[in-house]
Amino acid sequence: MATAMDKINTASTNICERMGHLQELSDSKRGAVIGCHLCNKSIREISLLLNIPRSTVSGIITKWKQLGTTATQLQSDRPRKMTERGQRMLKQTVHRSRQLSAESIAKDLQTSCGLQINTTTVRRELHGMGFHGRAAASKPYFTKCNAKSRMQWCKACCHWTL
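Residues numbered from 1 in each chain as written. Predicted model: local features only at pLDDT ≥ 70, side-chain atom pairs only at ≥ 80, totals over all residues. Heavy atoms only, no water.

Draft legend 1. Geometry of the side chain of Thr-70. Looking at the secondary structure, you find Thr-70 in the loop between helix H4 (54–67) and helix H5 (84–96). For Thr-70, the residues in contact, after removing those within four places along its chain, are Arg-30, Ile-34, Ile-60, Lys-63 and Trp-64. (Helix = DSSP H or I, 4+ residues; strand = E, 2+ residues; numbered from the N terminus. Contact = heavy atoms within 4.5 Å.)

In structure tokens, the structure reads:
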């Protein structure tokens, strides 16, 4: 006999199998949906016949009525804020002085290029170019006096003979 836990596990695997990655329907399947629609079949009948969700069938029919085609349309992307020229200027600005903040770089680009750009966009573009906001390793400042006192300390503590 199947336990309650087995039923839950099988139910969850069935759901996971059905909830796969979104895939585009082929042109022939979309054509079949439109053909069935033109033959006066209901959305439910088309869905059962072609084994496609009702919402998908409805979407295909609606798109066909509005656009007259079932082909996938190009997605409109948001235009980039930084042009190639702006990226070159950003790179030049950073090469001139690596210690500028993102805010000052954004202001500099606004005055030189006329680009209204956010500081996070500056950081993202710089990261894409390979510039990362890392501080240089601090190295001790050795003067002759410091070197001499350090050597005396080493001789006193470590009992070295030089």
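Draft legend 2. A look at helix H3 (residues 43–50). Turning to H3, its buried residues number three or more, namely Ile-46, Ser-47 and Leu-50. Burial along H3 is one-sided: seen end-on, the buried residues are contained in an arc of 100°. Residues of H3 that are exposed and angled more than 90 degrees away from the buried face: Arg-44, Leu-48 and Leu-49. Just past H3, the residue Asn-51 takes up positive phi, approximately 60°. (Buried < 20%, exposed > 50% of the residue type's maximum accessible area, 1.4 Å probe, protein only. Arc of directions from axis to C-beta.)

Draft legend 3. Representation of the confidence of the model for the protein chain within the structure. Model confidence for the protein chain is summarised by a mean pLDDT of 80, while 80% of its residues fall at 70 or above. Counting interchain partners and residues more than four positions distant, the pLDDT-below-50 stretch residues 7–19 has 1 contact. (pLDDT = per-residue confidence, 0-100.)

Draft legend 4. Looking closely at the side chain of Thr-93. By secondary structure assignment, the location of Thr-93 is in helix H5. Judged by its relative accessible area of 3%, Thr-93 falls in the buried class. Not counting the four nearest positions on each side in its chain, Thr-93 is found in contact with Leu-100, Ile-105 and Asp-108.

Draft legend 5. Main features of the nonpolar core. Counting 12 residues, the largest nonpolar core is built from Met-82, Leu-90, Val-94, Ala-102, Ile-105, Ala-106, Leu-109, Leu-115, Ile-117, Val-122, Leu-126 and Phe-131. Broken down by secondary-structure element, the contributors of at least two residues to this core are H5, helix H6 (102–113) and helix H7 (119–129). When sequence neighbours within four positions are dropped, the list of residues in contact with Ala-102 reads Thr-119, Val-122 and Arg-123. With 9 residues, the next largest nonpolar core counts Val-33, Cys-36, Ile-52 and Ile-61 among its residues. (Core = buried A, V, L, I, M, F, W, Y, C linked by side-chain atoms within 4.5 Å.)

Draft legend 6. Just the pattern of salt bridges, in detail. If you walk through the whole model with that rule in mind, you get 3 salt bridges. Where Arg-30 meets Asp-27, a salt bridge forms, and the shortest distance between an N and an O atom there is 2.9 Å. One end of the pair is Arg-30 and the other is Asp-27, both in helix H2 (residues 27–38) and 3 residues apart, which spans about a single turn. Of the charged contacts, one joins Glu-125 and Arg-80 as a salt bridge, the two residues approaching to 2.9 Å between their closest N and O atoms. Of this pair, Glu-125 sits in helix H7 while Arg-80 sits in the loop between H4 and H5, and the two are 45 residues apart along the sequence. Since its relative accessible area comes to 59%, Arg-80 is described here as exposed. Overlapping salt bridges, with partners in common, bring together Glu-24, Asp-27 and Arg-30 in one network. (Salt bridge = Lys/Arg side-chain N within 4 Å of Asp/Glu carboxyl O.)

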